[in-house]
Amino acid sequence: AQVPVNVTVTGAAGQIGYALLFRIASGQLLGADTPVKLRLLEIPQAVKAAEGTAMELDDCAFPLLSGIDIFDDPRQAFEGANIALLVGARPRTKGMERGDLLEANGGIFKPQGQAINAGAADDIRVLVVGNPANTNALIAQAHAPDVPAERFTAMTRLDHNRALTQLAKKLGVTVSDIKKMTIWGNHSATQYPDIFHAEVNGTTGAKAVDDQTWLTEEFIPTVAKRGAAIIEARGASSAASAANAAIDHVHDWVLGTPEGDWTSAAVVSDGSYGVPEGLISSFPVVSRDGRYEIVQGLEIDDFSRERIDASVKELVEERDAVKQLGLI
Ligand code: NAX
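Residues numbered from 1 in each chain as written. Predicted model: local features only at pLDDT ≥ 70, side-chain atom pairs only at ≥ 80, totals over all residues. Heavy atoms only, no water.

Peer 1: Just checking my understanding: could you explain the overall build of the protein chain for this structure?
Peer 2: Along its length, the protein chain carries 11 helices and 14 strands. Its C-alpha atoms give the protein chain a radius of gyration of 19 Å, within 12% of the compact-globule value 20 Å for 328 residues. Once the C-alpha set of the protein chain is aligned to its principal axes, its extents read approximately 50 × 45 × 40 Å. Burial statistics for the protein chain: of 328 residues in total, 52% are counted as buried. Put simply, of all contacts in the protein chain between residues at least 6 apart along the chain, 72% involve residues at least 24 apart. Both charge centroids of the protein chain, one from 29 positive and one from 43 negative side chains, sit 3 Å from each other. (Helix = DSSP H or I, 4+ residues; strand = E, 2+ residues; numbered from the N terminus. Rg over C-alpha atoms; globule rule 2.2 N^0.38 Å. Buried < 20%, exposed > 50% of the residue type's maximum accessible area, 1.4 Å probe, protein only. Contact = heavy atoms within 4.5 Å. Lys, Arg positive; Asp, Glu negative; His and termini not counted. Charge placed at Lys NZ, Arg CZ, Asp CG, Glu CD.)

Below you can see the structure in the form of structure tokens.
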């Protein structure tokens, strides 16, 4: 029998965790041939709730699920991890300044980075979902010097998927008619969903739409503020769609992106497109042989340049703030 892949999930008792774990265990993360072992990390107060979710996972009798272990200690949770989904984070509460938020999350992602460095498997791949995702990923990466930096990524796949559907609806096509959507920058309201390189039935997304007002006043803000719109409508933040995007991100990372298409992920910049080296910023990426690579050589016009730069500027500010706080 195949050796199971160890998948560590933090924030396992949260709402994204609840939507995510069943899909991992059913084989949707790594394919129908790959057994998985779940290692769940929670804070002590939420371990009991994680145990309840584990009981339900047991009750599904998933043929590919070869075990579940629950921890409140990151060192144990990341021991032998091949894949780590860092979902648990400290949310912004009322009256919290950005510095407080970054500091609280530094207290989570620094020890998790250290634990990954100490005990994860050689092929560890990390996806950070917990916000502020890009900067949390940067903090974890900075504390895992023995792990190649490229193994730390943050999630913009939900933004990517949101952009696909918004464009498809506008054009009256299906999402499978659209290729090469791109999200640039930070997973925040400054993110830039780019339809100039998207391909729709033989033309570009921007040409197919041919409506600058829709682009600037509808599309970009709708994608960027979708999280808030979901909270407003549902009374709770996106969970199943976020879990779905996390599945997509890791699935494509391990198994490859389809020929003739790309996706979006926040990966460590190598300086491409003027994004300072070392920042974890969203780019158009393809995955080949288990590695995400930034798509090169795209022409960036002034409209896009301005928006990419604005989002990257925010990432630089976040990086400088966590540096100031001694978190990286
Ligand atoms: P919940 O509050 O439902 O769950 C978070 C869980 O994390 C809780 O069970 C909590 O006990 C746990 N946790 C907190 N600190 C922990 C630690 N140090 N170790 C292990 N577990 C810890 O939040 P949920 O709705 O599941 O969202 C989780 C995170 O995803 C949030 O930070 C949220 O902002 C972020 N999101 C990111 C998205 C993205 O596209 N990158 C989209 C969806 C989501 O908003």
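Peer 1: Help me out: how do you make sense of the UniProt feature "active site" (unreviewed entry) in the protein chain in this one?
Peer 2: Within this structure's numbering, the places UniProt gives as "active site" (unreviewed entry) are His187. On the secondary structure map, His187 appears in the loop between β8 (182-184) and β9 (192-194). Setting aside chain neighbours within four positions, we find His187 in contact with Asn131, Asn134, Met155, Thr156 and Asp159. (UniProt positions renumbered as here; feature names shortened; annotations may be inferred.)

Peer 1: Sorry if this is basic, but what is going on with the UniProt feature "binding site: NAD(+)" (unreviewed entry) in the protein chain here?
Peer 2: The UniProt entry lists Gly11, Ala12, Ala13, Gly14, Gln15, Ile16, Gly17, Asn105, Gln112, Val129, Gly130 and Asn131 under the feature "binding site: NAD(+)" (unreviewed entry), expressed in the numbering used here. Residue class for Gln15 comes out partly exposed when judged on its relative accessible area of 35%. Once you skip the residues sitting within four places of it in the chain, Gln112 turns out to touch Thr10, Leu41, Pro74, Phe78 and Leu86.

Peer 1: Sorry if this is basic, but what is going on with the domain arrangement of the protein chain here?
Peer 2: Interfaces are often sized by the amount of accessible area the parts lose when they come together. On domain assignment, one finds that the protein chain holds domain 1 (5-154) and domain 2 (157-318). When each unit is reduced to the centre of its C-alpha atoms, the spacing between domain 1 and domain 2 is 23 Å. Carbon and sulfur atoms make up 63% of the surface buried where domain 1 meets domain 2, a total of about 2500 Å² over both sides. Looking only at domain 1, the three residues that lose the most surface to domain 2 are Gln15, Arg125 and Asn134, adding up to 24% of its buried area. (Domains from an automatic or database assignment. Buried area = accessible area lost by both parts, 1.4 Å probe.)

Peer 1: Which parts of the structure should I look at to understand the sheet that holds strand β10 (residues 199-200)?
Peer 2: The strands that make up a sheet pair up through hydrogen bonds in the backbone, lying either parallel or antiparallel. Strands sit in the order β7-β10-β11 across an open sheet of 3 strands; the sheet is antiparallel. Either end of the sheet is taken by a strand with one partner, and the two such strands are β7 (178-179) and β11 (203-204). The pairing of β7 with β10 spans 2 bridges and is classified as antiparallel. Along β10, the bridge assignment pairs Lys179 with Glu199. (Pairing = 2+ DSSP bridges.)

Peer 1: When you look at the confidence of the model for the protein chain in this model, what are you seeing that I'm missing?
Peer 2: As a note on interpretation, predicted positions should not be read in detail where pLDDT is low. Per-residue confidence for the protein chain gives a mean pLDDT of 97, with 100% of residues at or over 70. Note on the complex model: pTM 0.98, ipTM 0.99. (pLDDT = per-residue confidence, 0-100.)

Peer 1: How should I be thinking about the pairing of strand β2 (residues 36-41) in this particular structure?
Peer 2: Two faces belong to every sheet, and in a regular strand the side chains alternate between them. Counting buried residues in β2 gives 5 out of 6 residues, a clear majority hidden from the surface. Summarising the sheet, strand β1 (residues 5-10) and β2 pair through 6 bridges and their orientation is parallel. Its bridge partner lying in β2, Thr10 is registered against Leu41. Note that the unit made of β1, helix α1 (residues 15-25) and β2 has a crossover that is right-handed. Direction of pairing for β2 relative to strand β3 (residues 65-71): parallel, over a ladder of 6 bridges. Bridge pairing links Leu40 to Ile70 in β3. (Right-handed = clockwise from strand over helix to strand, strands pointing away.)

Peer 1: Where do I start with the packing of helix α5 (residues 133-142) against helix α11 (residues 302-324) in this structure?
Peer 2: Any two packed helices are characterised by how steeply their axes cross, that is the angle between the axes, and by the distance between the axes. For the pair α5 and α11, interaxial distance at closest approach is 10 Å and the crossing angle is 40°. For the element pair α5 / α11, the angle class is oblique. In this structure, the crossing between α5 and α11 has a hand that is right-handed. In contact with Asn134, Thr135, Leu138 and Ile139 of α5, α11 contributes Leu315, Glu318, Arg319 and Val322. Grouping the amino acids of the contact of α5 with α11 by side-chain chemistry returns 4 nonpolar, 2 polar and 2 charged. (Axes fitted to C-alpha atoms, helices over the stretch in contact; angles between N-to-C directions. Parallel < 35°, antiparallel > 145°, perpendicular 65-115°, else oblique. Left-handed = near helix turned anticlockwise from the far one by under 90°. Nonpolar A, V, L, I, M, F, W, Y, C, P; charged D, E, K, R; others polar.)

Peer 1: Whenever I open this one, the site of the ligand confuses me. Can you help?
Peer 2: Around the ligand, 23 residues are found, and the nearest of them are Gln15, Ile16, Glu42, Val129 and Asn131. Here an oxygen atom of the ligand and a side-chain polar atom of Glu42 are 2.6 Å apart. Between the ligand and the protein, one listed contact pairs an oxygen atom with a side-chain N or O atom of Asn131 at 2.8 Å. Contact with the protein chains hides 80% of the accessible area of the ligand, taken as 880 Å² for the molecule alone. (Near = heavy atom within 4 Å. Polar contact = N/O pair within 3.5 Å; in protein donor to acceptor, adjacent residues only side chain to side chain. Areas by Shrake-Rupley, 256 points an atom, 1.4 Å probe, with all protein chains shown as cover.)

Peer 1: Please clarify how helix α10 (residues 240-255) should be interpreted in this entry.
Peer 2: In an α-helix, one full turn covers 3.6 residues, which means residues spaced three or four apart are oriented alike. Over its 16 residues, α10 runs 22 Å from end to end, which matches the ideal 22 Å to within 8%, given 1.5 Å per residue. Inspection of α10 places Ala242, Ala243, Ala245, Ala246, Ile247, His249, Val250, Asp252 and Trp253 among the buried residues, and these make up the whole buried set. Backbone geometry just downstream of α10 places Gly256 in the positive-phi region, at approximately 100°. (Expected span 1.5 Å × (residues − 1).)

Peer 1: Is there a simple way to think about the side chain of Gln166 in this case?
Peer 2: Assignment of secondary structure puts Gln166 in helix α6 (residues 157-171). Taking relative accessible area as the criterion, Gln166 reaches 17% and is therefore assigned buried. Sequence-distant contacts of Gln166, defined by excluding residues within four places in its chain, comprise Trp214, Phe219, Thr222, Val223 and Arg226.

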